[in-house]
Amino acid sequence: MAEVILMPRLSDTMTEGVIAAWHKKIGDPVKKGDLLAEIETDKATMELESYKDGTLLHIGGDKGAKIQVDQLLAIVGKPGEDISGLLTGTASNVQASTTATPATASTTTTEATPVTSNPQPATVAAPASTATMDISKMEEVVLMPRLSDTMEVGVIAAWHKNVGDAVKKGEVLAEIETDKATLELESYKTGTLLHIGAAKGEKIPVNGLLCIIGEKGKVDVDAIVKAASGGPVAASTASAAPAAEPAATNTGHTESTSQPASGSLENGRVKASPLAKKLAAEKGIDIRAVNGTGDGGRIIKADIDKFKPGTSTVAEAVKTTTTAPASVPAFTAGQEGYTDIPNSQMRNVIAKRLGESKFSAPHFYLTMEINMDNAMAARTQLNEISPAKISFNDMVVKAAALALRHHPAVNASWMGDKIRRYSHIHIGIAVAIEDGLIVPVVRFADQKTLPQIAAESKELAGKAKNKKLQPNEFSGNTFTISNLGMMDIEEFTAIINPPDSCIMAVGRIKEIVVRKGDGFDVTNVMKVTLSCDHRSVDGALGAAFLQTFKKYLENPITMLL
């Protein structure tokens, strides 16, 4: 069924949005998380992501067009689907979709939080009566937004404001730990923080009461908290939670002391729009070297477009991870004991999804030994001229992506009543972090050069370890690679990462003695094991894929053609 995407309210004062750019055109396939358009509001230019798979069938206006909030922005559905009824019908006979957190069942508003690098809390107008109070419609109420497609609850990693503090639009309220990353939550309301729904370390469900921001003495905090605790929304019953610790002690990482451009730093963080951050990352620009011309020195898209390397004397920022050592129990001779470590959100999701994968997908395993002599020689030569240092894992990613071109049936997902074969190749790379495992995605890996893959993989791994990945950077994989070679693991099997049909486990490169002619010589080999979902990939198909993969790695020059 085709779905209508309405113009969302991206700020509390927004009444209309201007189409700054379309990233998809009519007829293009659209996946969840894909960037649809850039919308210029009264405050900033923001990215609009799709939360619907399908084909873009209609757009509500070309670049530069103005569209009122809640009016038709786009329609996504199946190719050739009849949408005439949606274009002429009323809102009651279409299924509306926004690019943000759905409203609760009791509300009819489509206003919600877009998933960006600085997610915005959802706020709506307040009703007059508290007898039938719907807190989701109160402009003073900030609800827990859905910050990833699989998020069900958020954990308060840190509060940057205490109860009683003044809050301005754009200031960071809190850091929210989801199942995949820790994201900053900015306020889109000016007022006083009157109540927080949970202290540091506590959980709040999506659409649960996160906090209350308003004018002191004019908001019935107790009534709001009572309404929240009495309904499906979980919230703290206390009108004031313990004061949050300083932000500097709550963050899981620190940044180098390189100073940002004048006016772009506030409370230790660079003020920049999500679009500006994205463009800076794509162009390889250190955003802290850019002078912001937006409100309060905020860096906007125009600043990135105008920026010329070398115009700033700011040193290149180098992010370093400062991970607190894990709590190690004290061992006492002859004394028993243990330490209970609560599961993080990420660990809970890892357990749930991989448990479902292991016990629902019938795994089988194929192991192959690959001669790496030519790959090692080629890597040495390539790194003499490559702008980014190429690793063996980058070569594995490229070879796997090219092999998937030849065997599209491996680049697929089991969908229950059908097998979905993808026409694009997005390679997920498993990265171990303190809380568990996350899989950043190199998109269109078959179309990228080895230096491009190397640079992107390094950037994504750094973001993963600093918990700075955005939802579109860890979703959409069609094939996954897990490499433990750097830890001297020779061979292992990996659990399939849904929705993929296969995952490749890569071991270390090992020297072995082989017979050559009348004598003996040393050669370098690497073992890989392909885990396959037998529902969608058969043994012969998996073996054929590995043979093609082997040819690419043993003859690296073929990857450059």
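Cut-offs used in this document
The written sequence of each chain sets the order in which its residues are numbered from 1. Per-residue local features of the predicted model are confined to residues with pLDDT of at least 70, and side-chain atom pairs are confined, for both listing and counting, to 80 or more; whole-chain, interface and lining totals are unaffected and use all residues. Excluding hydrogens and water, the side-chain values take into account all heavy atoms of the structure. Think of it this way: any DSSP run of H or I at least four residues long counts as a helix, any run of E at least two long counts as a strand, and we number them from the N terminus. Burial classes: relative accessible area under 20% of the type maximum marks a residue as buried, over 50% as exposed, and values in between as partly exposed (1.4 Å probe, protein chains only). Any two residues having at least one pair of non-hydrogen atoms within 4.5 Å are treated as being in contact. Surface exposure here means Shrake-Rupley accessible area, sampled with a 1.4 Å probe, where a residue is shielded only by the protein chains that are shown. The arc in question is the one traced by the directions running from the helix axis out to the C-beta atoms. At least two DSSP bridges between two strands are needed for those strands to be called paired. Whenever a helix is involved, its axis is fitted only over the stretch in contact; in every case the axis is a line through C-alpha atoms, and angles between N-to-C directions fall within 0 to 180 degrees. Definition of nonpolar core: a set of buried residues of the types Ala, Val, Leu, Ile, Met, Phe, Trp, Tyr and Cys, connected through side-chain atoms within 4.5 Å. Pairs of N or O atoms are called polar contacts if they sit within 3.5 Å, as long as, within protein, a hydrogen donor faces a hydrogen acceptor (for residues adjacent in sequence, only side-chain-to-side-chain pairs). Pairing of aromatic rings covers Phe, Tyr and Trp, the last through its six-membered ring, and needs centres within 6.5 Å; plane angles under 30 degrees mean stacked, over 60 mean edge-to-face, and all others mean tilted. Two limits define a charge over a ring: the Lys NZ or Arg CZ must be within 6 Å of the ring centre, and within 35 degrees of the ring normal. Here, patches come from residues exposed beyond 30% relative accessible area and free of salt bridges, joined within 9 Å for like charges and within 5 Å for nonpolar side chains (Val, Leu, Ile, Met, Phe, Trp, Tyr). Any carboxyl oxygen of Asp or Glu within 4 Å of a side-chain nitrogen of Lys or Arg constitutes a salt bridge here. One less than the number of residues in a helix, times 1.5 Å, gives the span that helix is expected to have.

Chemist: Describe the overall build of the protein, and please don't skip the residues or the numbers.
Modeler: A tally of regular secondary structure across the protein gives 10 helices and 29 strands. Scored against the burial criterion, the 561 residues of the protein give a buried share of 51%. Summarising the internal contacts of the protein: among those between residues at least 6 apart in sequence, 63% fall at separations of at least 24. Carbon and sulfur atoms form 52% of the exposed surface of the protein, whose accessible area is close to 26,900 Å².

Chemist: Talk me through the environment of Asn555; I want residue IDs and the actual numbers.
Modeler: Note on placement: Asn555 falls in the segment after helix H10 (539-554). For the pair Asn555 and Ala378, spaced 177 residues apart in sequence, the C-alpha to C-alpha distance is 9.0 Å.

Chemist: Talk me through helix H7 (residues 373-382); I want residue IDs and the actual numbers.
Modeler: The α-helix winds at 3.6 residues per turn, so residues separated by three or four positions along the chain end up facing the same way. Of all the positions in H7, only Ala375, Ala378, Arg379 and Leu382 are classed as buried. Angularly, the buried residues of H7 cover 105° about the axis, an arc narrow enough to put them on a single face. Of the surrounding elements, those touching the buried residues of H7 are helix H8 (392-406), helix H9 (450-465) and H10.

Chemist: Could you give an account of the sheet that holds strand E11 (residues 153-159), naming the residues involved and the relevant values?
Modeler: Sheet strands line up and pair through hydrogen bonds in the backbone, either parallel or antiparallel. The four strands are arranged E14-E13-E11-E16 in an open sheet whose pairing can be described as antiparallel. Pairing within the sheet leaves two strands with one partner each, and these edge strands are strand E14 (182-186) and strand E16 (203-205). Within the sheet, the average angular offset between the axes of one strand and its neighbour, ignoring direction, is 40°. As paired strands, E11 and E16 are joined by three bridges and run antiparallel to one another.

Chemist: Mind laying out the nonpolar core, listing which residues take part and the relevant values?
Modeler: Core analysis: the biggest nonpolar cluster contains 73 residues, and Phe479, Met504, Phe549 and Leu553 have the highest contact counts within it. In terms of residue count, the dominant contributor to this core is H8 (nine residues). Excluding residues within four positions of it along the chain, Phe479 makes contact with Ala400, Leu404, Val410, His426, Ile427, Gly428, Asp500, Cys502, Met504, Leu530 and Phe545. Counting residues in hydrophobic clusters, the runner-up holds 15 residues, among them Trp22, Ile39, Ile67 and Leu73.

Chemist: For the environment of Tyr422, give the residues involved together with the corresponding values.
Modeler: Summarising the element assignment, Tyr422 is placed in the loop between strand E22 (419-421) and strand E23 (427-429). Among the residues examined, Tyr422 registers a relative accessible area of 12% and is labelled buried. Sequence-wise, Tyr422 and Val410 are 12 residues apart; in three dimensions their C-alpha atoms are separated by 9.3 Å. Not counting residues within four places of it along the chain, the set of residues in contact with Tyr422 comprises Lys31, Asn411, Ala412, Ser413, Thr478 and Pro499. There is a polar contact of 2.7 Å between the side chain of Tyr422 and the side chain of Ser413.

Chemist: Give a description of the packing of aromatic side chains that names residues and reports values.
Modeler: Taken as a whole and judged by the stated rule, the model has two aromatic pairs. A centroid spacing of 5.4 Å and a plane angle of 50° characterise the contact between Phe479 and Phe545, whose relative ring orientation is tilted. In this pair, Phe479 sits in strand E27 (residues 479-483) while Phe545 sits in helix H10, placing the two residues 66 residues apart along the sequence. The two residues Phe479 and Phe545 agree in class, both being buried. Residues Phe545 and Phe549 carry aromatic rings whose centres are separated by 6.5 Å and whose planes lie at 20° to one another, so their mutual orientation is stacked. Here the residue Phe545 and the residue Phe549 both occupy positions in helix H10, the gap between them amounting to four residues, near one helical turn. The pair formed by Phe545 and Phe549 is uniform in burial state, with each residue classed as buried. Of the aromatic side chains, those joined through ring pairs into one cluster are Phe479, Phe545 and Phe549. Above the face of the Phe392 ring, Arg379 is positioned so that its terminal group lies 4.6 Å from the ring centre.

Chemist: Account for a nonpolar patch on the surface, with residues named and values stated.
Modeler: The grouping of Met486, Met487 and Ile489 at the surface amounts to a nonpolar patch, some 320 Å² of accessible area in total. On the basis of relative accessible area, Met487 is assigned to the exposed category, the value being 54%.

Chemist: Account for H10, naming residues and giving values.
Modeler: Counted at 1.5 Å a residue, the expected span for H10 with its 16 residues is 22 Å, and the 22 Å between its end C-alpha atoms agrees. Where H10 is concerned, the buried positions are Gly542, Phe545, Leu546, Thr548, Phe549, Tyr552 and Leu553. Here the buried residues of H10 occupy an arc of 160° about the axis, which is enough to place them on one side. Turned more than 90 degrees off the buried face of H10, the exposed positions are Ala540 and Lys551.

Honestly, it's all geometry; don't read function into it.
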